[in-house]
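Take a look at the letters that make up each chain.
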Amino acid sequence: MSGGLPSRIPIDHDDYHAEHVGRTADGRQFFLTTPFEPAMRDEDDGQEFVALYLFDADGRFLEARIDAFGPRARMDDAARRATYEARLIELGDVTFTRIEVEPFAVDRFGTTFGLIPREPEGDDDTWWVTVEPGDYMAFSEPWDGDYDT
């Protein structure tokens, strides 16, 4: 049985998907990441993105800066890397550390981005919060900052 969805989701800094999470010099929290829409057989070619999510010091969502790069097979990888690095530099002095932020959703490029809550599907199921699009990070109880991939 699920214990419920917390108001803030902790994300621990690591060397993988949460490499660039932390705080700016003015106290805002940030999460820089690379969401994607997977290519689907005979349906579409997918899409690659760079997303910078900003939150206030208390973890309330402020802004999403999202750049689209087209399908992975045809995207300009150097341009995507340059945009990613530019987004990191524009934050100024940062500290890479654990953040605790609220779930949120924004629509851009015909896609929903964010930390999206997923309700339990049955009595034995639990709440999940997934990073979308791409569902490449999934948080759940005990809500300790770790995630599944």
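Above this text is the structure in question.
Anyway, here's the lowdown on the structure attached to this text. Because the structure is predicted, anything quoted here is derived from the model rather than measured.

**Brief notes about the packing of aromatic side chains**
If you walk through the whole model with that rule in mind, you get 10 aromatic pairs. A ring pair is formed by Phe30 and Phe96, whose centres lie 6.2 Å apart and whose planes are at 70°; its orientation type is edge-to-face. Here Phe96 lies in strand S7 (residues 94–96) and Phe30 lies in strand S3 (residues 29–33), a separation of 66 residues in the sequence. According to the relative accessible area criterion, Phe30 is buried, its value standing at 0%. With a centroid separation of 5.6 Å and an interplanar angle of 70°, the aromatic rings of Phe55 and Phe104 are classed as edge-to-face. Of the two residues, Phe55 is situated in strand S5 (residues 47–55) and Phe104 in strand S9 (residues 104–108); the sequence distance between them amounts to 49 residues.

**With respect to the pairing of S9**
As judged from the 5 bridges shared by S9 and strand S10 (residues 111–118), these two strands associate in the antiparallel manner. Across the sheet, Ala105 pairs through a bridge with Gly114, a residue of S10. The turn joining S9 and S10, which pair antiparallel and follow one another in sequence, is formed by 2 residues; a positive phi near 55° is taken by Phe109.

**Digging into the nonpolar core**
In this structure, Ile11, Phe31, Tyr53, Ile66, Leu115, Met137 and Phe139 are the most contacted members of the largest nonpolar core, which totals 25 residues. Of all the secondary structure elements, the ones that give two or more residues to this core are strand S1 (9–11), S5, strand S6 (61–68), strand S8 (99–101), S9, S10 and strand S11 (128–132). The biggest single contributor to this core is S5, with 4 residues. Not counting residues up to four positions away in its chain, the partners in contact with Leu115 are Ile11, Val101, Glu102, Pro103, Phe104, Val129, Thr130, Val131 and Phe139. In terms of nonpolar packing, the next biggest core, distinct from the first, is built from 10 residues, Leu52, Leu54, Met75 and Tyr84 among them.

**Some details on the sheet that holds strand S12 (residues 138–140)**
The strand order across the open sheet formed by 4 strands is S9-S10-S11-S12, and the pairing between neighbours is antiparallel. In this open sheet, the two strands that pair with only one neighbour each are S9 and S12. Pairwise comparison of adjacent strand axes, ignoring direction, gives a mean angle of 15° for this sheet.

**Points about the side chain of His20**
For His20, the location among the structural elements is in the loop between S1 and strand S2 (21–24). Reaching out from His20, the side chain makes a polar contact with the side chain of Tyr84 at a distance of 2.7 Å. Excluding residues that lie within four positions of it along the chain, His20 makes contacts with Phe30, Phe31, Leu32, Tyr84, Leu88 and Phe96.

Scoring rules and cut-offs
Residues numbered from 1 in each chain as written. Predicted model: local features only at pLDDT ≥ 70, side-chain atom pairs only at ≥ 80, totals over all residues. Heavy atoms only, no water. Phe/Tyr/Trp six-rings, centres within 6.5 Å; stacked < 30°, edge-to-face > 60°. Helix = DSSP H or I, 4+ residues; strand = E, 2+ residues; numbered from the N terminus. Buried < 20%, exposed > 50% of the residue type's maximum accessible area, 1.4 Å probe, protein only. Pairing = 2+ DSSP bridges. Core = buried A, V, L, I, M, F, W, Y, C linked by side-chain atoms within 4.5 Å. Contact = heavy atoms within 4.5 Å. Axes fitted to C-alpha atoms, helices over the stretch in contact; angles between N-to-C directions. Polar contact = N/O pair within 3.5 Å; in protein donor to acceptor, adjacent residues only side chain to side chain.

On their own, these measurements won't tell you what the molecule is for.
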